[in-house]
Amino acid sequence: MTRWGSAAVAFGELTAPWQLVEPMPLEVVFSRQERLRSGAGRTLQHWAGRLAAKYAVLRLLDEPVTAEHLGAVEVLPLPAPLCGRTAACLHGHPPGVRLTGPLDGREEPGTRVRVSVSHTADLAFAVALTAARLAEDHDLEAVTAWT
C-alpha cells in the first residue's frame, strides 16, 4: 500500500531562512549538509521547498512536528551519474530523503521515502510517498560527502 503526505510553506512576506522555522533553531531543523547546500546562493524559495518536503515526510510517517523530527528528515539532491558528484554540479537533481536519528529505520523494508517539491513566487509545496526501492536508487550517505 502506498502512503503519502503533503505540506505547503508560505514564504512571501519573509526575508531570511530562520524566519521559516522560528522559534525553532535553524541549525536543528536543517542539517549541516542542508544548510551548506541551501546557503550556496540559493533563494528563500529553495529553503521553503526543503522545509515543505520535511513537513510532508513527517505527515507521511505520522510523526509530530518538532525541531528534532524536522532535523531527522534530511532532504538533499540525488546526483545523476553524469554530474561527477561534485558540489559544483548545476544540473537539477531530484530530491532524496534520508531519515536519521529518531526516524532512522522508519521506512518499511524494501521501500524508500520519495518527495516531489514545487514552488510559486510565495509558496512551496511538497508531496512525500513511500515507494518500492529501485535498482538505480543512490545511497544518500554518498551525497553528504559532496555537498
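Residues numbered from 1 in each chain as written. Predicted model: local features only at pLDDT ≥ 70, side-chain atom pairs only at ≥ 80, totals over all residues. Heavy atoms only, no water.

- As recorded by an unreviewed UniProt entry, the chain carries the name Phosphopantetheinyl transferase (Holo-ACP synthase) and is attributed to Lentzea fradiae.

## Comments concerning the packing of aromatic side chains
- If you walk through the whole model with that rule in mind, you get 1 aromatic pair.
- Residues Phe30 and Trp47 carry aromatic rings whose centres are separated by 5.1 Å and whose planes lie at 90° to one another, so their mutual orientation is edge-to-face. Of this pair, Phe30 sits in the loop between α2 (26-29) and α3 (32-39) while Trp47 is found in helix α4 (residues 44-61), placing the two residues 17 residues apart along the sequence. (Phe/Tyr/Trp six-rings, centres within 6.5 Å; stacked < 30°, edge-to-face > 60°. Helix = DSSP H or I, 4+ residues; strand = E, 2+ residues; numbered from the N terminus.)

## A short note on unusual backbone geometry
- Geometrically, the link from Glu22 to Pro23 is a cis peptide bond, its omega value of 15° lying close to zero.
- With respect to the element layout, Pro23 can be found in the loop between α1 (17-21) and α2.
- Non-glycine residue Asp62 carries a positive phi angle of around 60°.
- Among the structural elements, Asp62 can be located in the loop between α4 and α5 (67-71).
- Relative accessible area serves as the criterion here: at 67%, Asp62 is assigned to the exposed category. (Buried < 20%, exposed > 50% of the residue type's maximum accessible area, 1.4 Å probe, protein only.)

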